[in-house]
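An overview of the molecular structure
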Amino acid sequence: MSAIQKLAGKFIVIEGLEGAGKSTAIQYIQDWLALQGVIEQNIELTREPGGTTLAEKMREIVKMDVADEQLDDKAELLIMYAARVQLVEHKIKPALAADKVVIGDRHNWSSLAYQGGGRGIDLQLINDIKQVALGDFKADFTLFLDIEPELGLSRARGRGELDRIERLAIDFFNRSRAVFQQLTEQEKNAVCIDASQGFDQVKESIHRQLDIWLASL
Ligand code: Z5A
């Protein structure tokens, strides 16, 4: 079977803390797909929360600062899943059914890491909500870009003002990171990339891990 045939209908996800370099890594994945012969029209890019008209509205709500009302942690969690259902049902599944390769900038692990690890919501409750919202749908391959929160936030800060979630204490991000690391250890089709390396080394690591995954298909 050719690489193009193996990759058709596959969902690749990039996860990691802010400033880990997810947007940059997505470009590296696109470069790698091009090397495998996958044409641009057969690649769909998504981001979470967001990626559809309604899901982008929900993204605005989770990022919004409201002076007289705090977004409740459980409301935040439910909005993440509402946005995810919209994205999966209206964009990701149709693209996969059309044999496209979908690259996701964040997916389900971000809820376990941020709302679970960071906010302290029970991981089993989050898994139950996931099951109701998405059933067994999941990524085919996950690349977790691991970085010290301090370094990631300093990179994110370089881009301008931090948003509502980015302004949380370092402890929050350390707890989120620990969940990401745990999930990577547990999941067969996931790898950890040291995102503190320079651009070229990160690119090389991502391409190497994608080669190994492709060979396993
Ligand atoms: N969230 C949640 O709580 N629960 C959920 O279920 C989901 C999300 C899905 C989404 O924000 C927020 O929602 C996020 C989690 C929460 N919260 N926060 N905070 P977003 O989409 O706006 O932000 P992000 O996903 O964290 O992305 P980001 O901040 O844009 O980071 P990034 O994409 O990983 O980084 P980047 O833009 O590729 O790189 C950042 C900078 O570092 C940039 O200037 C690069 O040139 C530089 N960079 C990248 N790689 C390197 C290397 N290797 N060396 C040096 N510099 C580098």
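Before any of the text, the structure's been laid out above.
The structure reproduced in this document is the subject of the present report. Since the structure is predicted, the reported quantities are computational estimates derived from the model, not experimental observations.

1. What to know about the site of the ligand
Close to the ligand lie 28 residues; Glu18, Lys22, Lys63, Ser111 and Arg159 are nearest. Interatomic distance of 2.7 Å between a side-chain N/O atom of Arg106 and an oxygen atom of the ligand. Taking Arg155, its side chain carries an N or O atom lying 3.2 Å from a nitrogen atom of the ligand. Relative to its unbound accessible surface of 1,100 Å², the ligand loses 85% to contact with the protein. Taken together, the elements giving at least two residues each to the shell around the ligand come down to α2 (22–35), α3 (53–63), α4 (73–97), α5 (108–118) and α9 (199–216).

2. A look at α3
For α3, the complete set of buried residues consists of Ala55, Met58, Arg59 and Val62. Down the axis of α3, the sector holding all buried residues measures 110 degrees, keeping them to one side. Turned more than 90 degrees away from the buried face of α3 sit Thr53 and Leu54, all of them exposed. Of the surrounding secondary structure, the elements contacted by the buried residues of α3 are β2 (43–47) and α4.

3. Considering the sheet that holds strand β3 (residues 101–105)
With parallel pairing, 5 strands are arranged side by side in an open sheet as β2-β3-β1-β4-β5. The open sheet has two edge strands, β2 and β5 (190–194), and neither has a second partner. For this sheet, the mean inter-axis angle between neighbouring strands, taken without regard to orientation, is 20 degrees. Across 4 bridges, the pairing between strand β1 (residues 11–16) and β3 is parallel. Bridged to Val13 within β3 is Gly104. Set on the sheet, helix α8 (residues 170–186) makes contact with β1, β4 (141–146) and β5; between it and β4 the angle comes to about 140 degrees.

4. Some thoughts on the side chain of Arg84
When you line up the elements, Arg84 lands in helix α4. Assessed through its relative accessible area of 2%, Arg84 is described here as buried. Reaching out from Arg84, the side chain makes a polar contact with the backbone oxygen of His107 at a distance of 3.2 Å. Residues in contact with Arg84, not counting those within four places in the same chain, are Glu48, His107, Asn108, Ser111 and Leu134.

5. Thoughts on the nonpolar core
Ile29, Leu33, Leu143, Ile206 and Leu210 are the most contacted members of the largest nonpolar core, which has 45 residues in total. Discounting residues that sit within four places of it in the chain, Ile206 has contacts with Ala25, Tyr28, Ile29, Leu145 and Ile193.

6. Quick word on α2
Within an α-helix, residues lying three or four positions from one another point in the same direction, as the helix has 3.6 residues per turn. For α2, built from 14 residues, the straight-helix expectation of 20 Å at 1.5 Å per residue is met to within 8% by its first-to-last C-alpha distance of 20 Å. Turning to α2, its buried residues are Lys22, Ala25, Ile26, Tyr28, Ile29, Gln30, Trp32 and Leu33. Buried residues along α2 sit in contact with α1 (3–7), β1, β2, β3, β4 and α9.

7. Side note on the environment of Arg59
Note on placement: Arg59 falls in helix α3. Sequence spacing of Arg59 and Lys10 is 49 residues, and the spatial spacing of their C-alpha atoms is 25 Å. Those residues in contact with Arg59 that sit more than four places away from it in its chain are Arg47, Glu48 and Pro49.

8. As for unusual backbone geometry
As a rule of thumb, non-glycine residues mostly have phi less than zero, and peptide bonds are mostly trans rather than cis. Pro49 follows Glu48 through a cis peptide bond whose omega is -10 degrees. Located in the positive-phi region is Asp99, a residue other than glycine, with phi close to 65 degrees. Within the secondary structure, Asp99 sits in the loop between α4 and β3. At Arg106, a position not held by glycine, the phi torsion is positive, near 75 degrees.

Conventions used here
Residues numbered from 1 in each chain as written. Predicted model: local features only at pLDDT ≥ 70, side-chain atom pairs only at ≥ 80, totals over all residues. Heavy atoms only, no water. Near = heavy atom within 4 Å. Polar contact = N/O pair within 3.5 Å; in protein donor to acceptor, adjacent residues only side chain to side chain. Areas by Shrake-Rupley, 256 points an atom, 1.4 Å probe, with all protein chains shown as cover. Helix = DSSP H or I, 4+ residues; strand = E, 2+ residues; numbered from the N terminus. Buried < 20%, exposed > 50% of the residue type's maximum accessible area, 1.4 Å probe, protein only. Arc of directions from axis to C-beta. Contact = heavy atoms within 4.5 Å. Pairing = 2+ DSSP bridges. Axes fitted to C-alpha atoms, helices over the stretch in contact; angles between N-to-C directions. Core = buried A, V, L, I, M, F, W, Y, C linked by side-chain atoms within 4.5 Å. Expected span 1.5 Å × (residues − 1).

On their own, these measurements won't tell you what the molecule is for.
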